[in-house]
Amino acid sequence: MSSISRSDVAHLARLSRLAVTDEELDRFAGQLDQVLAAVARVGEAAVADVPPMTHAVPLTNVLRPDEVTPSLDRDVVLAGAPAAEDGRIRVPRILGDAE
Amino acid sequence: MTGTSSDLTRADVAELSRLLGSGEVSAVEVTRAHLDRIAADDGRLGAYLHVEDDAALAAAAAVDQARATGAELGPLAGVPLALKDLVVTEGVPTTSGSKILEGWRPPYSATVATRLAEAGTVLLGKTNMDEFAMGSSTENSAYQVTRNPWDAERIPGGSSGGSSAAVAGHLAPWSIGTDTGGSIRQPAALTGLVGHKPTYGSVSRYGLIAFSSSLDQAGPMARTVLDAAVMHEVIGGHDPRDSTSIDTPLARLADAAREGAAGDLRGVRVGVVRELGGEGHAEGYEPGVLARTREAIEVLAGLGAEVTEVSCPSFDLALPAYYLIAPSEASSNLARYEGVRFGLRAGDDGSRDLDEVMAITREQGFGPEVKRRIILGTYALSSGYYEAYYGQAQKVRTLITRDFSAAFAGVDVLVSPTTPTVAFPIGTRVDDPISMYAADLCTLPASLAGLPAISVPSGLSEGLPVGLQVMAPALADDRCYRVAAALEAAQDAARGHRLLDELGTPAGAA
């Protein structure tokens, strides 16, 4: 089994959209390495022919009638948003300068 | 009025219901008594993140007024309650213990909150918790430390530690907790309460802030088994707003608690799980915890239960499987905190793009344990590691479920300690994830299999509460209540009072 290096943590933090500090990288790398060593024990289980279990309740295709029901009021939703403008949620720019 | 306000905060829900129904006390008096107690004691306990105060009194006054006009009220009308702060409540601050939701007032209510409100209960406030329910001590709250009413230097359990401290500390007669890997049962055990994790899918998850969706369940935390069963009957049952909700009527739970309290367990087959503290598996378990567990099992046998030892070898892998599955699901669930639609947005200075704002927001908004789990989950789900970690953990989950099925072919319930140790001192495990995770050792198997499990007090060790866990097959929650109520009634009768009465009025309280 693998271990987690400091640069692995930095990469995973980037994928997870977490702007972690250098101090956190040092701390998390050590702690996650320990956790990973502990959870790697799942590899000891003899499960070659065992199906995976995703869920305790075997439900499939739970459908509801295709009916219009009330949804949340726009002003109520906007009141909970961090920034709103002209009746919409204001979002930081999504394109870079070069795009 | 029959008692002082201190008596009202010590009454269980069955007693409050009787007093309110007969008109001996008003809902306002009951609510006022609890608010006074919160004002006096919560500075020390730190159980609540938000107290409703005037809103609670107004709700109580509305109940009293309805009663005065002769309206037909349910048995719980006017009974106060506390909700764990991940139960979404319309207009009432809901944080899930996280800075990323500080100040958020949800635009809707969770089904469990709605059902309790419709039963006429009065919301006292929202209780502290480990951030996003990730923890076993409530020390991972972004806001405050919560103290165990039995010993202020110790943790109240977690993640529903605000709820356990509130109910054991008499700041609420009962509370809703949630349980992903043990977060109802473990804090209940460590504070001398009853806590039940329902069968997965039998209580709606609509409006519960998600941690690990295939495991999360809400359930009751109360001072008696009967109170817990009564609350479970209010919140349980099918909800079309939760697509994993089981469309089957609940078993009769309060009846099962009453039947158990009558003290006859003849014909009930109890299996003692060897892998949870039994011979060859006692490492990490405190002798006092094992002694109380043995005594509780002897009490069950004395009531006529047929006790055998059962082996569930895959339970040894529950902890590693859980700490892969839960972080994996969490890393996905917590992607919704992107700083756009609700909650915190940080670093939005007009020049940074969405990705940067998102990363800064999440860095500022999440605490260390949440970040660790997001990173671990992202790792376990990444290509190249998926099969070795997440895929393997899901197969182990199947093995654990098969162990339960094999065991339940021969017994009606399984029992174990709820936790390996009594409440540990604040600060001793918070920077050591592995030792913190070990607090969930006994509760994880039922979580992974989606089975019902209750924790009921079994006595004290070194002056601190110990819990017995009773697990049952899916949808047989009634068996948990029956066996737990039998133990509770027999032990209460033997000692002449309830375990929680030994807590008395905490030092320093008025």
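Since the model is a prediction, treat every value here as computed from it, not as a measurement.

Conventions adopted
- Residues numbered from 1 in each chain as written.
- Chains lettered and ligands numbered in written order.
- Predicted model: local features only at pLDDT ≥ 70, side-chain atom pairs only at ≥ 80, totals over all residues.
- Heavy atoms only, no water.
- Helix = DSSP H or I, 4+ residues; strand = E, 2+ residues; numbered from the N terminus.
- Rg over C-alpha atoms; globule rule 2.2 N^0.38 Å.
- Buried < 20%, exposed > 50% of the residue type's maximum accessible area, 1.4 Å probe, protein only.
- Contact = heavy atoms within 4.5 Å.
- Lys, Arg positive; Asp, Glu negative; His and termini not counted.
- Charge placed at Lys NZ, Arg CZ, Asp CG, Glu CD.
- Buried area = accessible area lost by both parts, 1.4 Å probe.
- Salt bridge = Lys/Arg side-chain N within 4 Å of Asp/Glu carboxyl O.
- Polar contact = N/O pair within 3.5 Å; in protein donor to acceptor, adjacent residues only side chain to side chain.
- Core = buried A, V, L, I, M, F, W, Y, C linked by side-chain atoms within 4.5 Å.
- Patch = residues over 30% accessible without salt bridge, like charges linked within 9 Å, V, L, I, M, F, W, Y side chains within 5 Å.
- Areas by Shrake-Rupley, 256 points an atom, 1.4 Å probe, with all protein chains shown as cover.
- Phe/Tyr/Trp six-rings, centres within 6.5 Å; stacked < 30°, edge-to-face > 60°.
- Lys NZ or Arg CZ within 6 Å of the ring centre and 35° of its normal.
- Pairing = 2+ DSSP bridges.
- Axes fitted to C-alpha atoms, helices over the stretch in contact; angles between N-to-C directions.
- Parallel < 35°, antiparallel > 145°, perpendicular 65-115°, else oblique.
- Left-handed = near helix turned anticlockwise from the far one by under 90°.
- Nonpolar A, V, L, I, M, F, W, Y, C, P; charged D, E, K, R; others polar.
- Expected span 1.5 Å × (residues − 1).
- Bend = angle between axes of the 7 residues up to and from the residue.

Visitor: Would you explain the overall build of chain A in this entry?
Guide: Secondary structure summary: chain A contains three helices and two strands in total. Listing every helix and strand of chain A by position from the N terminus yields α-α-α-β-β. Computed over the C-alpha atoms, the radius of gyration of chain A is 23 Å, more than 25% above the 13 Å expected from 2.2 N^0.38 for a compact globule of 99 residues. Seen through its principal axes, chain A has C-alpha atoms that stretch 55 × 45 × 25 Å.

Visitor: Can you help me understand the overall build of chain B in this one?
Guide: What chain B contains, in helices and strands, is 17 helices and 11 strands. Over its C-alpha trace chain B gives a radius of gyration of 22 Å, about what one expects of a compact globule, namely 24 Å for 510 residues. With respect to the three principal axes, the spread of C-alpha positions in chain B is 65 × 55 × 45 Å. Across the 510 residues that make up chain B, the buried fraction comes to 65%. Here the contacts in chain B between residues at least 6 apart in sequence split such that 76% fall between residues at least 24 apart. Seen as two clouds, the 41 positive and the 63 negative side-chain charges of chain B have centres 2 Å apart.

Visitor: Looking at this structure, how should I read the interface of chain A and chain B?
Guide: Accessible area lost on assembly of the parts is the figure often given for the size of an interface. Taken together, the contact between chain A and chain B spans 53 residues of the former and 64 residues of the latter. Summing both partners gives a buried area of about 5,000 Å² for chain A against chain B, and 68% of it is carried by carbon and sulfur. Contact with chain B buries surface across chain A, with A:Arg17, A:Val42 and A:Met53 losing the most and accounting together for 14% of the total. At the junction of chain A with chain B, the criterion picks out three salt bridges. Note that A:Arg90 is salt-bridged to B:Asp348, the shortest N-O span being 3.0 Å. Viewed at the interface, chain B and chain A are joined by 19 residue pairs in polar contact (both at pLDDT 80 or more).

Visitor: Teacher, can you tell me more about the nonpolar core here?
Guide: If you look at soluble globular proteins, the nonpolar side chains tend to sit buried side by side. Grouped together as the largest cluster of nonpolar side chains are 161 residues, with contacts concentrated most on B:Phe132 and B:Phe404. One finds B:Val167, B:Ile184, B:Val289 and B:Leu503 within the second-largest nonpolar core, a separate group that totals 14 residues.

Visitor: Just checking my understanding: could you explain a nonpolar patch on the surface for this structure?
Guide: Residue and element names in this part refer to chain A. A grouping of Val-91, Ile-94 and Leu-95 is seen on the molecular surface, where their side chains present a nonpolar patch of about 280 Å² in accessible area. Note on placement: Ile-94 falls in the segment after strand 2 (88–89). Classification of Ile-94 by relative accessible area gives exposed; the value is 61%.

Visitor: Hey, could you run me through the side chain of B:Arg373 in this one?
Guide: All names here are of chain B. Tracing the chain through its elements places Arg-373 in helix 13 (residues 368–380). Residue classification places Arg-373 among the buried residues on the basis of a relative accessible area of 3%. Residues in contact with Arg-373, not counting those within four places in the same chain, are Met-134, Gly-135, Phe-211, Tyr-323, Pro-327 and Tyr-437.

Visitor: I tried to follow the packing of aromatic side chains on my own but got confused; where do I start?
Guide: The description of two aromatic rings rests on the distance between their centres and on the angle between their planes. Residues and elements named next belong to chain B. Here the structure, examined in full by the defined rule, presents 14 aromatic pairs over all chains. Ring centres of Phe-404 and Phe-408 lie 6.0 Å apart, and the angle between their planes is 10°; on these two criteria the pair is classed as stacked. Of the two residues, Phe-404 and Phe-408 both sit in helix 14 (residues 387–408), four residues apart, roughly one turn of that helix. Accessibility expressed as a relative area gives 1% for Phe-404, which makes it buried. By relative accessible area, Phe-408 is classed as buried at 15%. When the ring centre of Phe-424 is taken as reference, the NZ or CZ atom of Arg-429 above it lies at 4.0 Å.

Visitor: How do you make sense of the sheet that holds strand 4 (residues 174–179) of chain B when you look at a structure like this?
Guide: Residues and elements named next belong to chain B. Taken together, 11 strands build an open sheet; the order of strands is 1-3-2-4-6-5-10-11-9-7-8 and the sheet is mixed. Both outer strands of the open sheet, strand 1 (48–51) and strand 8 (306–310), are each paired with one neighbouring strand and no more. Neighbour-to-neighbour, the strand axes of the sheet open up by a mean angle of 30°, direction not taken into account. Bridge count between strand 10 (residues 453–461) and strand 11 (residues 464–471): eight bridges; the pairing is antiparallel. Among the inter-strand pairings, Gly-459 is bridged to a residue of strand 11, identified as Val-466. Packed on one face of the sheet, helix 3 (residues 27–45) meets strand 1, strand 2 (80–84) and strand 3 (122–127) and runs near 20° to strand 3. The strands that helix 14 touches are strand 8, strand 9 (413–417) and strand 11; relative to strand 9, the one it contacts most, it runs at about 120°.

Visitor: It is not clear to me how the packing of helix 3 of chain B against helix 4 (residues 54–68) of chain B should be interpreted in this structure. Could you clarify?
Guide: For any two helices packed against each other, the geometry is given by the interaxial angle and the distance between the axes. Residues and elements named next belong to chain B. The interhelical angle for the contact between helix 3 and helix 4, taken along N-to-C directions, is 160°, at an axis separation of 7 Å. For the element pair helix 3 / helix 4, the angle class is roughly antiparallel. The interaxial crossing formed by helix 3 with helix 4 has right-handed handedness. The segment helix 3 lies against helix 4, with Ala-27, Val-28, Thr-31, Arg-32 and Leu-35 engaging Ala-56, Leu-57, Ala-60, Ala-61, Val-63 and Asp-64. The residue inventory of the contact of helix 3 with helix 4, partitioned by class, reads eight nonpolar, one polar and two charged.

Visitor: What is the right way to read the environment of B:Asp255 from this model?
Guide: Residue and element names in this part refer to chain B. For Asp-255, the location among the structural elements is in helix 9 (residues 253–261). Note on Asp-255: relative accessible area 33%, which makes it partly exposed. A polar side-chain atom of Asp-255 sits 2.7 Å from a polar atom in the side chain of Arg-252.

Visitor: What am I meant to see in helix 2 (residues 22–39) of chain A here?
Guide: Taking 1.5 Å as the rise per residue, helix 2 of chain A with 18 residues should run 26 Å; its terminal C-alpha atoms sit 25 Å apart, in good agreement. When we look at burial in helix 2 of chain A, the residues that qualify are A:Glu24, A:Leu25, A:Phe28, A:Ala29, A:Gln31, A:Leu32, A:Val35, A:Leu36 and A:Val39. Buried residues belonging to helix 2 of chain A abut helix 1 (6–15) of chain A together with helix 11 (318–333), helix 12 (354–365), helix 13, helix 14 and helix 15 (433–437) of chain B.

Visitor: When you look at helix 3 of chain B in this model, what are you seeing that I'm missing?
Guide: Structural remark: α-helix, 3.6 residues per turn; residues separated by three or four positions point the same way. At B:Ala39, helix 3 of chain B is bent by approximately 40°, the largest bend along its length. For helix 3 of chain B, every residue scored as buried is listed here: B:Ala27, B:Val30, B:Thr31, B:Ala33, B:His34, B:Leu35, B:Arg37, B:Ile38, B:Asp41, B:Asp42 and B:Leu45.

Visitor: Just to check I follow, could you spell out the pattern of salt bridges for this structure?
Guide: Once the charged atoms of two side chains with opposite charge are near each other, the side chains can pair. Applying the stated criterion across every chain yields a total of 31 salt bridges over all chains. A salt bridge links B:Arg252 to B:Asp255; the nearest nitrogen and oxygen atoms lie 2.7 Å apart. In this structure B:Arg252 comes out as exposed when scored by relative accessible area, which is 61%. B:Asp349 is the partner of B:Arg352 in a salt bridge, and the nearest nitrogen-oxygen pair spans 3.5 Å. Taking relative accessible area as the criterion, B:Asp349 reaches 47% and is therefore assigned partly exposed. Via salt bridges that share partners, A:Glu85, A:Arg90, B:Arg345 and B:Asp348 belong to a single interconnected network.

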